[in-house]
Amino acid sequence: MLVLFETAAGYAIFKVLDESKLQQVDDLHKEFETPEKANKIVKLKHFEKFQDTTEALAAATALTEGKIGKSLKKVLKKVVAKEAHEQLAISDVKLGGVIKEKLDLSCVHSPAVAELMRCIRSQMESLITGLPPREIAAMSLGLAHSLSRYKLKFSPDKVDTMIVQAISLLDDLDKELNNYIMRCREWYGWHFPELGKVITDNLAYCKAVRKIGDRTNVATSDLSDILPEEIEAEVKLAAEISMGTEVSEQDIGNIRHLCDQVIDISEYRTQLYDYLKNRMTAIAPNLTVMVGELVGARLISHAGSLLNLAKHPASTVQILGAEKALFRALKTRKDTPKYGLIYHASLVGQTTAKNKGKISRMLAAKAALAIRYDALGEDTNSEMGVENRAKLEARLRQLEEKGIRRISGTGKAMAKADKYQHKSEVKMYDPSGDSTIPSTSKKRKFEEVEEEEDDDAGEEPETPVVVKSKKAKKEPVAEEEEAAEETPKKKKKKKKDKKAEAEEEEPKEEEAEVAVTESTEKKKKKKKKKVEEDE
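Undergrad: What exactly am I supposed to notice about the overall build of the protein chain here?
TA: Tallying secondary structure elements over the protein chain gives 24 helices and seven strands in all. Across the 535 residues of the protein chain, 31% fall into the buried class. For the protein chain, the computed accessible surface area is about 37000 Å², with 52% contributed by carbon and sulfur atoms.

Listed below in structure tokens is the structure:
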């Protein structure tokens, strides 16, 4: 058996002298305690030294990527191919597959091989002859520095720092442009205020101001390359009747210099946006398809890196950028925010206000998958992002159509899901069903009683109604007769009738008392006259 051993100084090929010792994995380290014992187990067959650090770095990077470098290929063809019948022990399984595929050599990797590699490394200085320890240490240190520098330079984690810096600079440029344009409009507005109302585009306004200068030059200046013919005519007409103040040539010079700054920054912003677009398409193609370049770059910038963003769950991606509102809502026990930076994505923007929360939640779930695929996947295509975006657009159309779906069996039939509303029905017991006597309404009874009274009044018009003071005595016979003749009326009417009867009874009682007193006085006078006559 042959052993391929990689060092910082070069490749070493060892020949295993006693393969039976490899079967005892736990006791193998005892056989390498001293250089003498180690030389009895393995023997150096060939050592291919690296020319310089550049060659060592190329070989190390090829090994980490699972590829065969030029120097390794040369060694394998030179030494191992001569003894093709023997197996080659290697430390990396992926490298063994590549060697077997390209050079048709049988490779072995097992726990025993891994332990053998560790033992050889412990006695490397004695086993590899002709290589001083100081030189091995220097080569190891140089290769470590070069490999670290290479990984830092081409690390996928560090490439997205360019995106973070670019999106931050883009936001800063937008703020500065707004300030400069506002200052330019206000400054030049003192001289030519009508121009700001005619030209609404900021870049075209600055180019027109730089070309015009003083408003008296509008008639002679050609603005056809900046403005359409209609707007150019309006500008020339407004310049003739302008109400602005006169300014000096020095003021116009400063305003033109400010316009130059605005135009230069606008051009640089366009260039920076193209750079950011290309960089996002290269690093995170699926995320770019899902939410766009600017929103994707802001998400990466907010998380710190693409790998950190991939560690976040979909719920965090959904509200990323709205942390202040989230903690305020949790503190006050109110509704938490539904979206953060993802609100500016095109899919959320084209949705109605009612469905924005649903779409932002679904978009965050699919965007989280796209981020992980971009950060941790080996492929760099955007097929998954395109497929997920198509699903989201279909779901969006379904929500906009208010959830209308086809019923199986009929092609044209549609089903609408009505909103569920719970109605509590409390049924009362109806006692009218207990009696078998046909019931008539009170209103009907009252009408019948009135008809009977009218009939009685028509038959006996001559009989006078005599009200006697017997009611005050409350005779039971009269009450029974009246109760038999009259039907019960409403309580309010009864109370009114009682009050009226009481008022009528009072004067009648007074009249009766007066009559009684008069009769007694007359009797006394008669008795007195009789007594006087007898005397």
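Undergrad: Hey, could you run me through the pairing of strand S2 (residues 10-16) in this one?
TA: Within a regular beta strand, the side chains point alternately toward one face of the sheet and then the other, so they alternate between its two faces. Of all seven residues in S2, six are buried; the element is thus mostly enclosed. Where strand S1 (residues 2-6) meets S2, five bridges bridge the pair, whose relative direction is antiparallel. Bridge pairing in S2 places Val3 opposite Phe14. If you look at the hairpin formed by S1 and S2, you'll find three residues sitting between the two strands. Relative to strand S3 (residues 42-49), S2 runs antiparallel, the two being bridged by seven bridges. Paired with Tyr11 across the strands is Glu48, a residue of S3.

Undergrad: Is there a simple way to think about the packing of aromatic side chains in this case?
TA: Any aromatic ring pair is given by two values, namely how distant the centres are and how the planes are angled relative to each other. Applying the stated rule across the entire model yields four aromatic pairs. Seen from their ring centres, Phe5 and Phe14 are 6.3 Å apart, and the 70° between their planes marks the pair as edge-to-face. Phe14 matches Phe5 in its accessibility class, with the two residues each being buried. Ring geometry for Tyr11 and Phe50: centres 5.5 Å apart, planes at 75°, overall edge-to-face. Of the two residues, Tyr11 sits in strand S2 while Phe50 sits in the loop between S3 and helix H2 (53-64), which places them 39 residues apart along the sequence. Under the relative-accessibility criterion, Tyr11 is labelled buried at 1%.

Undergrad: Looking at this model, I keep getting lost on the pairing of S1. Mind explaining?
TA: In terms of burial, S1 is largely enclosed, as four of its five residues are buried. Two elements, S1 and strand S4 (residues 88-89), share two bridges in a ladder whose sense is parallel. Among the inter-strand pairings, Leu2 is bridged to a residue of S4, identified as Leu88.

Undergrad: I keep staring at a positive patch on the surface and nothing clicks. Help me out?
TA: Residues Lys354, Lys358, Arg361 and Lys402 make up a contiguous surface patch of positive charge. Its location among the elements puts Arg361 in helix H19 (residues 356-376). The class of Arg361 is partly exposed, set by a relative accessible area of 49%.

Undergrad: Hey, could you run me through the sheet that holds S1 in this one?
TA: Hydrogen bonds between backbone groups are what pair the strands of a sheet, and the pairing can be parallel or antiparallel. The strand order across the open sheet built from five strands is S3-S2-S1-S4-S5, with neighbouring strands paired in mixed fashion. Looking at the sheet topology across the chains shown, the edges are occupied by S3 and strand S5 (107-108).

Undergrad: How should the pattern of salt bridges be read in this particular structure?
TA: Pairing is possible between side chains that carry opposite charge, provided their charged atoms lie close to one another. Following the criterion strictly, the structure yields 12 salt bridges and no others. Between Arg298 and Asp171 there is a salt bridge, and its shortest N-O distance comes to 2.7 Å. Here Arg298 is found in helix H14 (residues 293-303), whereas its partner Asp171 is found in helix H8 (residues 156-189), with 127 residues between them in sequence. Residue class for Asp171 comes out partly exposed when judged on its relative accessible area of 24%.

Undergrad: Teacher, can you tell me more about the environment of Leu17 here?
TA: With respect to the helices and strands, Leu17 occurs in the loop between S2 and helix H1 (35-41). Here Leu17 falls in the partly exposed class, since its relative accessible area comes to 49%. Each C-alpha atom of the pair Leu17 and Lys43 lies 7.1 Å from the other, and the pair is 26 residues apart in sequence. Sequence-distant contacts of Leu17, that is, excluding residues within four places in its chain, are made with Asn39, Lys40, Ile41, Val42 and Lys43.

Undergrad: Please explain the nonpolar core as it appears in this structure.
TA: Generally speaking, a soluble globular protein has its nonpolar side chains buried in company with each other. Ranked by size, the top nonpolar core spans 64 residues in total, and within it Tyr188, Ile199, Val235, Val291 and Leu363 carry the most contacts. At 11 residues, the largest contribution of residues to this core is made by helix H12 (residues 249-283). Discounting residues that sit within four places of it in the chain, Tyr188 has contacts with Leu195, Tyr205, Val209, Ile212, Gly213, Asp214, Arg215, Ile252 and Ile255. In this structure, Leu76, Ile90, Ile99 and Leu147 belong to the second largest nonpolar core, which totals 26 residues.

Undergrad: Please explain the environment of Glu323 as it appears in this structure.
TA: Inspection of the secondary structure assignment puts Glu323 in helix H17 (residues 323-332). Under the relative-accessibility criterion, Glu323 is labelled partly exposed at 28%.

Each value, and the rule that gives it
Residues numbered from 1 in each chain as written. Predicted model: local features only at pLDDT ≥ 70, side-chain atom pairs only at ≥ 80, totals over all residues. Heavy atoms only, no water. Helix = DSSP H or I, 4+ residues; strand = E, 2+ residues; numbered from the N terminus. Buried < 20%, exposed > 50% of the residue type's maximum accessible area, 1.4 Å probe, protein only. Areas by Shrake-Rupley, 256 points an atom, 1.4 Å probe, with all protein chains shown as cover. Pairing = 2+ DSSP bridges. Phe/Tyr/Trp six-rings, centres within 6.5 Å; stacked < 30°, edge-to-face > 60°. Patch = residues over 30% accessible without salt bridge, like charges linked within 9 Å, V, L, I, M, F, W, Y side chains within 5 Å. Salt bridge = Lys/Arg side-chain N within 4 Å of Asp/Glu carboxyl O. Lys, Arg positive; Asp, Glu negative; His and termini not counted. Charge placed at Lys NZ, Arg CZ, Asp CG, Glu CD. Contact = heavy atoms within 4.5 Å. Core = buried A, V, L, I, M, F, W, Y, C linked by side-chain atoms within 4.5 Å.

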